[in-house]
Amino acid sequence: MKNSFGNNIQVTLFGESHGEAIGVVIDGLAAGLALDLDHVQKRMAQRQAKGRISTQRHEPDAIRIVSGWFEGHTTGTPLTILIENTNTRSKDYERTRYRLRPSHADYTAFAKYDGFQDFRGGGHFSGRLTAPIVAAGAIAQQLLEQNGVFIGSHILRCHSESDHPFATDEPTLKEQILRLNDLDFPVLDEESAGRIHAVMEAAANDGDSVGGIIETAVVGLPAGIGEPFFDSIESVLSHLLFSVPAVKGVQFGLGFDFASYYGSQVNDAFCVQDGQIRTVTNHNGGINGGISNGMPIRFQCVIKPTASIFKEQDTVDYQTKEPVRLQIQGRHDPAILHRARVVIDSVTALGLLDLCCTNQAYQGMKKGECQ
Ligand SMILES: Cc1cc2nc3c(=O)[nH]c(=O)nc-3n(C[C@H](O)[C@H](O)[C@H](O)COP(=O)(O)O)c2cc1C
Ligand SMILES: C=C(O[C@@H]1CC(C(=O)O)=C[C@@H](OP(=O)(O)O)[C@H]1O)C(=O)O
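Residues numbered from 1 in each chain as written. Chains lettered and ligands numbered in written order. Predicted model: local features only at pLDDT ≥ 70, side-chain atom pairs only at ≥ 80, totals over all residues. Heavy atoms only, no water.

- An unreviewed UniProt entry annotates the protein as Chorismate synthase of Amedibacillus dolichus.
- In its Sequence similarities (unreviewed entry) section, UniProt records this for the protein: "Belongs to the chorismate synthase family." (UniProt positions renumbered as here; feature names shortened; annotations may be inferred.)

**A closer look at helix 6 (residues 190-205)**
(1) Moving on: A rise of 1.5 Å per residue sets the reference length of helix 6, with its 16 residues, at 22 Å; its end C-alpha atoms lie 23 Å apart and thus fit the reference within 8%.
(2) Moving on: Regarding helix 6, the residues found buried are Ser192, Ala193, Ile196, Val199, Met200, Ala203 and Ala204. Down the axis of helix 6, the buried set is contained in an arc of 140°. They therefore lie on one face. The exposed residues of helix 6 that point more than 90 degrees off its buried face are Glu190, Glu191 and Asn205.
(3) Moving on: Looking at the buried residues of helix 6, the elements they touch are strand 8 (150-158), strand 9 (161-162) and helix 9 (337-366). (Helix = DSSP H or I, 4+ residues; strand = E, 2+ residues; numbered from the N terminus. Expected span 1.5 Å × (residues − 1). Buried < 20%, exposed > 50% of the residue type's maximum accessible area, 1.4 Å probe, protein only. Arc of directions from axis to C-beta. Contact = heavy atoms within 4.5 Å.)

**Quick notes on the pairing of strand 17 (residues 313-316)**
(1) Moving on: Side chains Gln313 and Thr315 of strand 17 all project onto a buried face; the interleaved residues Asp314 and Val316 project onto a face where none is buried.
(2) Moving on: Relative to strand 18 (residues 323-326), strand 17 is paired through four bridges, and the arrangement is antiparallel. The residue bridging Thr315 from the neighbouring strand is Val324, located in strand 18. (Pairing = 2+ DSSP bridges.)

**A closer look at the pattern of salt bridges**
(1) Moving on: The final tally for this structure, using the stated rule, is 19 salt bridges.
(2) Moving on: In this structure, Lys42 and Asp182 form a salt bridge, with 2.5 Å as the shortest nitrogen-oxygen distance. Of the two residues, Lys42 sits in helix 1 (residues 37-47) while Asp182 sits in the loop between helix 5 (170-180) and helix 6, which places them 140 residues apart along the sequence.
(3) Moving on: Here Lys42 falls in the partly exposed class, since its relative accessible area comes to 35%. (Salt bridge = Lys/Arg side-chain N within 4 Å of Asp/Glu carboxyl O.)

**A closer look at the UniProt feature "binding site: NADP(+)" (unreviewed entry) in the protein**
(1) Moving on: When the UniProt feature table is mapped onto this chain numbering, "binding site: NADP(+)" (unreviewed entry) sits at Arg47 and Arg52.
(2) Moving on: Secondary-structure assignment places Arg47 in helix 1.
(3) Moving on: The exposure class of Arg47 is buried, given its relative accessible area of 4%.
(4) Moving on: Here Arg52 is to be found in the loop between helix 1 and strand 4 (63-67).

**So, the side chain of Asp345**
(1) Moving on: Here Asp345 is to be found in helix 9.
(2) Moving on: Since its relative accessible area comes to 0%, Asp345 is described here as buried.
(3) Moving on: Dropping the residues within four chain positions of it, Asp345 is found in contact with Arg43, Gln141, Ile151, Gly152, Ser153, Asn181 and Thr216.

**Quick look at the site of ligand 1**
(1) Moving on: Near ligand 1 there are 17 residues, and of these Phe125, Ala246, Lys304, Ser308 and Asp333 occur at the shortest range.
(2) Moving on: Contact between ligand 1 and Ser308: an oxygen atom at 2.6 Å from a side-chain N or O atom of the residue.
(3) Moving on: A distance of 2.9 Å separates a nitrogen atom of ligand 1 from a polar atom in the side chain of His332.
(4) Moving on: Compared with its free state, where it exposes 630 Å², ligand 1 has 88% of that area covered by protein.
(5) Moving on: Taken together, the residues that form the shell around ligand 1 break down as five nonpolar, seven polar and five charged. (Near = heavy atom within 4 Å. Polar contact = N/O pair within 3.5 Å; in protein donor to acceptor, adjacent residues only side chain to side chain. Areas by Shrake-Rupley, 256 points an atom, 1.4 Å probe, with all protein chains shown as cover. Nonpolar A, V, L, I, M, F, W, Y, C, P; charged D, E, K, R; others polar.)

**Comments concerning the sheet that holds strand 8**
(1) Moving on: Judged by pairing direction, the sheet is antiparallel, and its five strands sit side by side in the order 9-8-10-16-11 without closing on themselves. Strand pairing shows two members of the sheet lacking a second neighbour, strand 9 and strand 11 (247-252), which therefore form its edges.
(2) Moving on: Pairing of strand 8 with strand 9, which is carried by two bridges, proceeds in the antiparallel orientation. Within the sheet, the bridge partner assigned to Cys158 lies in strand 9 and is Glu161.
(3) Moving on: Along the sheet, helix 5 contacts strand 8 and strand 10 (212-219); its crossing angle with strand 8, the most-contacted strand, is approximately 80°. (Axes fitted to C-alpha atoms, helices over the stretch in contact; angles between N-to-C directions.)

**Thoughts on the packing of aromatic side chains**
(1) Moving on: All told, the structure shown has six aromatic pairs when counted by the stated rule.
(2) Moving on: Ring centres 6.5 Å apart and planes at 50° place the aromatic pair Tyr113 and Phe125 in the tilted group. Placement of Tyr113 in helix 3 (residues 106-113) and of Phe125 in the loop between helix 3 and helix 4 (130-145) is noted, with a sequence separation of twelve residues between them.
(3) Moving on: Taken together, the aromatic side chains of Tyr98, Tyr107, Phe110 and Tyr318 make up a single cluster linked through ring pairs. (Phe/Tyr/Trp six-rings, centres within 6.5 Å; stacked < 30°, edge-to-face > 60°.)

**Structural notes on a nonpolar patch on the surface**
(1) Moving on: On the surface, Tyr113, Phe116 and Phe125 cluster together into a nonpolar patch covering about 370 Å² of accessible area.
(2) Moving on: In this structure, Phe116 sits in the loop between helix 3 and helix 4.
(3) Moving on: Accessibility expressed as a relative area gives 77% for Phe116, which makes it exposed. (Patch = residues over 30% accessible without salt bridge, like charges linked within 9 Å, V, L, I, M, F, W, Y side chains within 5 Å.)

**Structural notes on the environment of Gly28**
(1) Moving on: Within the secondary structure layout, Gly28 lies in the loop between strand 3 (21-27) and helix 1.
(2) Moving on: Its relative accessible area of 40% is what places Gly28 among the partly exposed residues.
(3) Moving on: Distance in space between the C-alpha atoms of Gly28 and Tyr262 is 45 Å, their sequence separation being 234 residues.
(4) Moving on: In this structure Gly28 touches Asn8 and Ile9, once residues within four positions along its chain are discounted.

Okay, structure coming up:
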């Protein structure tokens, strides 16, 4: 499967940035779900470009459901969501069609598709394709929330500026998640928000770009979700997270910092709280052996600085194979952290919902419910 993901809830993504429309088919949703489409549209709005720190391409991103939906409920057959591209400016790309943008997918698309790719706006490789991911992810997130599972992300770092990390105690963490999910600029500390915004603006004013780290937490996921070996929670989420354009690293719990400690310093000691098995610390980010241990899931993604900058760059012309200078003209995001966090939440929701369904089937089999 190339553009599809999932075993139980399967999503298939389609479209190009400057084509007529982009969209997603979600297969496997039960019949009779009364989804809150206003909430889906609210999450779409959190991904939309806003202000000086985003691309000047403004798209309404209105979702249109063309199958699998009848009289306010899912029908149980594939739910297809279309999102129109209404504000394309393809001439920006015509001028530099063969001048490969460093760090974007122009060259690799040529290498794979021999020039038949729709190059306009990066085609299928555009961050634009994350709009349908959010539409599908917002539905998955709703279904998880109905079962007490909440997902949220914030900008932990942007270039030289940082936010406070997520709280370690669960009630505070849940409050933080709920607050972030109502914010357009997802930063926990207000002062840090101002500084991070300023760093993005400065990069934009300089014709440059910045990246950073998004920190994500999930509360309410019960112990026992995840399928070792190959569908461990880390494997499934990493697969999805690395599918998000510009994500270049993922770490769970302490991640790469584990390298600097002794086991005695970072083992998560078990304890019992209100009759439940818990751990005193959560250095493993809520996962042991690929399976949730009931503690909050915690991970971080690093997002590279946006490839398309307005400073002149060295590149080559794909046709002539000559070195050339490249001056990008179009409309680009100088930073994407604030827009990408809802994409990160969305793929997380899709991965966890799928694993929850797998676990439900397994639990049913244990009870003999499949006979
Ligand atoms: C929401 C979103 C918006 C993006 N906007 C831009 C953009 O305006 N310009 C750009 O060069 N890259 C942008 N990107 C990143 C590119 O799509 C990405 O770097 C490119 O497809 C190459 O993939 P890679 O970075 O994963 O190798 C965006 C990504 C996301 C998730
Ligand atoms: C349109 C969106 O972002 C686009 C993502 C993108 C890229 O290279 O990824 C490049 C730009 O495309 P264009 O040159 O067509 O304006 C962004 O505007 C969106 O996210 O909805």
